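Structural characterization, general
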Amino acid sequence: MGLYDKFSRLKNQRQYFSHSGLNPFGTCIDEVYSATEGRIGDRRVILAGTNNYLGLTFDPQAIADGQMAMAQQGTGTTGSRMANGSYGSHLALEQELAAFFGRPSAIVFSTGYTANLAVISTLACPGAVVLIDADSHASIYDACALGGAEIIRFRHNDVADLDRRLQRLGERAAEALIIVEGIYSMLGDVAPLAEIVAVKKQRGGYLLVDEAHSFGVTGPNGRGLAEEAGVEQDVDIILGTFSKSLAAIGGFATGSKEMEVLRYSSRPYIFTASPSPASIASVRASLRTIAGCPALRNKLWDNARRLYHGLSLAGYQSGPRISPVVPVMIASQEEGLRLWRDLIDHGVYVNLVLPPAAPAGMTLLRCSVNAAHSEQQIDKIIQVFTRLKQ
Ligand code: PMP
């Protein structure tokens, strides 16, 4: 058997999607003009399939700070923080993140994926018990596999199921790690955090929330769903990424002083190169923008409401709540592929999501809005969807 023969089924499946026209799983955005527009082939498109929630990828201050950091500190750090040393800017950003969240400690990682791998795999060591929402992101599943703990899945957003499973653990519940996300990236729904906290208080355990899609997006100060739900003091660890609202690349965790031990015990922290100076500098600028500019969040939610209502009026079935992620439910994979291609032809780029990336066997066209979209752009997205429905 050849080295790659075991992938032939997957390869055949994927070929089906790429044999005629654009490939939804390998789209090339040939040019990016702004946070909201780009070019795919010969089509100028509105970018409505990103995680650029606050539209900060072209923020002038973030670009200027990133450019200056690259000129002054070079293109990359070329090594890991433990072996090769941290840069002053890594430490400065960690202090700024800790201050933003009002927590004693914050650690910066090379990606959001690495942040999850680093924190969760180290805590979820053999002998530990971890309860995860069934719809958790792949990085959470991968971190659990790497760690070797006992993993218990509970039904998505089902607090009664979580409660039952914690109860069954008896005294072990006191040490269990419960992991949920803030906004879920495919349906735009949110964890019922207040209820989860209530269960944790009754049964015991620690709570980790991955705020990848909710940081900068929810909460009066943009700190995420824990802030929005008023339960920050009951969340032990908050994880986040720089690749969405912060518009760069990297990740972070924030929590108690004891979390610092991860710097010496977490392999995904120790054995990978640290984020580049340009990335760190632009994130520091964007963090200041998030802290100082709540109007961006208001604009994001105005856009989210406009798109959600517009698509509902056009007769599409969308997600369970208004959110910057607006999923459009499609009857079949073939229909999804056809619509996805037609949307690009008409100047709108969204994401085609199939199972298992989409939950519960669904086919989705995942639209996402950001604070930089104009009302005209949102209306154009709605018009194109409406026309394609007819
Ligand atoms: N957690 C969640 C919930 C995510 O959706 C993602 C990425 N989409 C990540 C972690 C990983 O973040 P990154 O892409 O920055 O590595």
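Residues numbered from 1 in each chain as written. Predicted model: local features only at pLDDT ≥ 70, side-chain atom pairs only at ≥ 80, totals over all residues. Heavy atoms only, no water.

The name an unreviewed UniProt entry gives the protein chain is Aminotransferase class I/II-fold pyridoxal phosphate-dependent enzyme, with Tatumella punctata as the organism.

This model, assessed by the stated rule, comprises eight aromatic pairs. Seen in terms of ring centroids, F109 and Y269 are 5.8 Å apart; in terms of plane orientation they differ by 85 degrees. Their pairing is edge-to-face. Taken together, the residues span a long stretch of sequence, with F109 in strand β4 (residues 105–109) and Y269 in helix α11 (residues 267–270) at a distance of 160 residues. Pair check on accessibility: F109 and Y269 agree, each one buried. By the ring-pair criterion, three or more aromatic residues cluster together here, those being F100, F101, F215, F242 and F252. Its end group placed over the ring of Y33, R44 keeps NZ or CZ at 4.2 Å from the ring centre. One Lys or Arg, K389, reaches over the ring of Y316 and ends 4.6 Å from the middle of that ring. (Phe/Tyr/Trp six-rings, centres within 6.5 Å; stacked < 30°, edge-to-face > 60°. Helix = DSSP H or I, 4+ residues; strand = E, 2+ residues; numbered from the N terminus. Buried < 20%, exposed > 50% of the residue type's maximum accessible area, 1.4 Å probe, protein only. Lys NZ or Arg CZ within 6 Å of the ring centre and 35° of its normal.)

Excluding glycine, most residues fall at negative phi; most peptide bonds, likewise, are trans. In the segment running from P355 into P356, the intervening peptide bond is cis, with an omega of 5 degrees. Note that P356 resides in the loop between β13 (351–353) and β14 (363–368). Positive phi is not limited to glycine here, since T78 has a value of about 60 degrees. The topology assignment puts T78 in the loop between α2 (60–73) and α3 (81–84). In the Ramachandran plot, N157 falls in the positive-phi region, its phi being about 60 degrees despite a non-glycine side chain. Looking at the secondary structure, you find N157 in the loop between β6 (150–154) and α7 (159–169).

For helix α13 (residues 294–313), with 20 residues, the first-to-last C-alpha span of 29 Å sits near the 28 Å given by 1.5 Å per residue. The inward-facing, buried residues of α13 contact α12 (277–292), β11 (325–330), β14 and α15 (375–389). Just past α13, the residue G315 takes up positive phi, approximately 100 degrees. (Expected span 1.5 Å × (residues − 1). Contact = heavy atoms within 4.5 Å.)

What follows covers the sheet that holds strand β3 (residues 43–47). Spatially, four strands are ordered β1-β2-β3-β12 in an open sheet, and the strand pairing comes out mixed. Edge positions in the sheet fall to β1 (31–32) and β12 (348–349), since each has one partner strand and no second. Bridge count between β1 and strand β2 (residues 37–40): two bridges; the pairing is antiparallel. Paired with V32 across the two strands is G38, which belongs to β2. (Pairing = 2+ DSSP bridges.)

Bringing the sheet that holds β11 into the picture now. Judged by pairing direction, the sheet is antiparallel, and its three strands sit side by side in the order β11-β14-β13 without closing on themselves. The outermost strands of the open sheet, each flanked by one partner alone, are β11 and β13. Ignoring strand direction, the axes of neighbouring strands in this sheet form an average angle of 30 degrees. Strand direction decides the pairing type here: β11 and β14, joined by six bridges, are antiparallel. The partner of V326 across the bridge, within β14, is C367. Its contacts with the sheet place α13 against β11 and β14, and it is angled at close to 15 degrees to β11. Sheet strands touched by helix α14 (residues 333–345): β11, β13 and β14. Its angle to β14, the strand with the most contacts, is close to 30 degrees. (Axes fitted to C-alpha atoms, helices over the stretch in contact; angles between N-to-C directions.)

Residue placement: R341 occurs in helix α14. With a relative accessible area of 17%, R341 lands in the buried category. Distance in space between the C-alpha atoms of R341 and I237 is 41 Å, their sequence separation being 104 residues.

Attention shifts here to α15. Along its 15 residues, α15 runs 21 Å from first to last C-alpha, staying within 8% of the 21 Å computed at 1.5 Å per residue. Taken residue by residue, α15 has Q377, I378, I381, I382, V384, F385 and L388 as its buried positions. Down the axis of α15, the buried side of the element spans an arc of 160 degrees, and every buried residue falls inside it. For α15, the exposed residues set more than 90 degrees away from the buried face come down to Q376, Q383 and R387. (Arc of directions from axis to C-beta.)

The next subject is the nonpolar core. Core analysis: the biggest nonpolar cluster contains 85 residues, and L365 and F385 have the highest contact counts within it. Of all hydrophobic cores here, the second largest spans 25 residues; its members include A124, I140, C144 and L208. (Core = buried A, V, L, I, M, F, W, Y, C linked by side-chain atoms within 4.5 Å.)

What follows is about the site of the ligand. Residues in close proximity to the ligand total 13 residues, the closest being Y113, D210, H213, T241 and S243. Y113 is positioned such that a nitrogen or oxygen atom in its backbone is 2.8 Å from an oxygen atom of the ligand. At a separation of 2.7 Å, an oxygen atom of the ligand approaches a polar side-chain atom of S243. In terms of residues, the shell around the ligand owes the most to one element, helix α5 (residues 112–123), which gives three residues. Among the residues forming the shell around the ligand, the class breakdown is two nonpolar, eight polar and three charged. (Near = heavy atom within 4 Å. Polar contact = N/O pair within 3.5 Å; in protein donor to acceptor, adjacent residues only side chain to side chain. Nonpolar A, V, L, I, M, F, W, Y, C, P; charged D, E, K, R; others polar.)

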